[in-house]
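Letter by letter, the chains look like this.
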Amino acid sequence: MKKTALALSALTVAVAAVTTSASASAQASKDTAKPTIVLVHGAFADGSSWTLVTKKLQASGYRVVVPANPLRGLESDSAYLAHVLKTIQGPVVLVGHSYGGEVITNAAASNPQVKALVYAAAIAPEKGESANDILSKFPGSRLPEALNPVTYPAPSGGEGTDLYVKPDKFRAVFAADVPSSDTAVMAAAQRPIDASSLEAKSENAAWHSVPSWYLVAADDQTIPPAAQRHMADRAGARTTEVGSSHAVAVSHPVEVTRVITNAAQATAGK
């Protein structure tokens, strides 16, 4: 009888040890799991602007989500992205290009899943600051002179104003280092942004509490490089520069991917 009791006791200890080991292993695996990379495009673009970066990230084993940024207003765009983030399990590295930087700055607020913010030639506003505020403080953008405003019937009644980049100015302002055959397609397929989006004041500034990375496009004609450096510095972002136009994810996907993976690796398990 005693032998049976001892055997059962030993079995219980062994099972407990295996269970503890499996639990620890599962936790370790969870802590080192790669985050989901969420890529958010900006104005005058769509998800295809992230194609080359997406391919490189997927080849490295990352799950990538490229939501369609509605471009209908900062508050609603941010709320939309915040909802998308809630559908993703596990840690997230949130990446924004151009106006997409404003959207991630707001959508990430109070979301513990977001472990890192990556800005690629993007607006990283302070609370109470708009894209237009940034551009007015740092002259040099060629975007204002290239815009073509077009009115549209707003769903709530009245008229809204969509902003497009004039096709004949698109390459010079937006993507000067991209082949003209490609920029002609980009200009034709561009998605407009509601003008109110660039005037809207940011309600949050998630970079105050979330580790940030910034890739400055040194030849940008849309967001002046000086503005980018200013935003990166005040966010305490780990900053990299590349000689690129505003369309940095299209013309320099290797460099963009490297910054994103650096952010993912630096925040793994946190």
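Structural notes, computed from the coordinates. (Residues numbered from 1 in each chain as written. Predicted model: local features only at pLDDT ≥ 70, side-chain atom pairs only at ≥ 80, totals over all residues. Heavy atoms only, no water.)

Turning next to the overall build of the protein. The helix and strand tally for the protein stands at 12 helices and nine strands. The buried share of the protein, taken over its 270 residues, is 47%. Split by element, the accessible area of the protein, about 12,600 Å² in all, is 57% carbon and sulfur. (Helix = DSSP H or I, 4+ residues; strand = E, 2+ residues; numbered from the N terminus. Buried < 20%, exposed > 50% of the residue type's maximum accessible area, 1.4 Å probe, protein only. Areas by Shrake-Rupley, 256 points an atom, 1.4 Å probe, with all protein chains shown as cover.)

Counting buried positions along strand β4 (residues 114-122) yields eight of nine residues, so the element is predominantly enclosed. Alignment of strand β3 (residues 92-98) against β4, held across seven bridges, turns out to be parallel. Each bridged residue has a counterpart across the sheet, and for Gly96 the counterpart in β4 is Tyr119. The β-α-β motif built from β3, the intervening helix α4 (residues 100-107) and the parallel element β4 has right-handed crossover chirality. (Pairing = 2+ DSSP bridges. Right-handed = clockwise from strand over helix to strand, strands pointing away.)

A word on the sheet that holds strand β6 (residues 159-165). With respect to topology, three strands assemble into an open sheet ordered β5-β6-β7, the strand pairing being antiparallel. Two strands close off the open sheet at either side, each with one partner strand: β5 (147-153) and β7 (193-194). Here β5 runs beside β6; their pairing, made up of seven bridges, is antiparallel. In the sheet register, Pro153 faces β6, and the bridge partner there is Glu159.

The phi dihedral of Phe44 falls on the positive side, at around 65 degrees, and the residue is not glycine. Within the secondary structure, Phe44 sits in the loop between β1 (36-40) and α2 (51-59).

A separate point is the packing of helix α3 (residues 74-86) against α4. For the pair α3 and α4, the least separation of the axes is 8 Å and the interaxial angle reads 60 degrees. On the basis of the axis angle, α3 is oblique to α4. The element α3 and its partner α4 pack so that their crossing is right-handed. Here Leu74, Asp77, Ser78, Leu81, Ala82 and Leu85 of α3 come into contact with α4, specifically with Glu102, Val103, Ile104, Asn106 and Ala107. Considering only residue class, the contact of α3 with α4 consists of seven nonpolar, two polar and two charged. (Axes fitted to C-alpha atoms, helices over the stretch in contact; angles between N-to-C directions. Parallel < 35°, antiparallel > 145°, perpendicular 65-115°, else oblique. Left-handed = near helix turned anticlockwise from the far one by under 90°. Contact = heavy atoms within 4.5 Å. Nonpolar A, V, L, I, M, F, W, Y, C, P; charged D, E, K, R; others polar.)

Of note, Ser245 is situated in the loop between β9 (238-242) and α11 (248-251). Note on Ser245: relative accessible area 5%, which makes it buried. Leaving out residues up to four positions away in the same chain, Ser245 has contacts with Phe174, Ala175, Ala176, Asp177, Ala217, Asp219, Asp220 and Ser251. A polar contact of 2.5 Å, which involves the side chain of Ser245, links it to the side chain of Asp177. (Polar contact = N/O pair within 3.5 Å; in protein donor to acceptor, adjacent residues only side chain to side chain.)

Taking 1.5 Å of rise per residue, the 14 residues of helix α12 (residues 253-266) would be expected to cover 20 Å, and the 20 Å separating its terminal C-alpha atoms lies within 8% of that figure. Every buried residue of α12 is listed here: Pro253, Val256, Thr257, Val259, Ile260, Thr261, Ala263 and Ala264. (Expected span 1.5 Å × (residues − 1).)

Bringing the pattern of salt bridges into the picture now. Side chains carrying opposite charge are able to pair once their charged atoms draw close together. Applying the stated rule across the entire model yields five salt bridges. Lys201 serves as the salt-bridge partner of Asp133, at 2.7 Å between the closest nitrogen and oxygen. Separated by 68 residues along the polypeptide, Asp133 in helix α5 (residues 131-137) and Lys201 in the loop between α9 (196-199) and β8 (212-217) bring together distant segments of the chain. Among the residues examined, Asp133 registers a relative accessible area of 21% and is labelled partly exposed. (Salt bridge = Lys/Arg side-chain N within 4 Å of Asp/Glu carboxyl O.)

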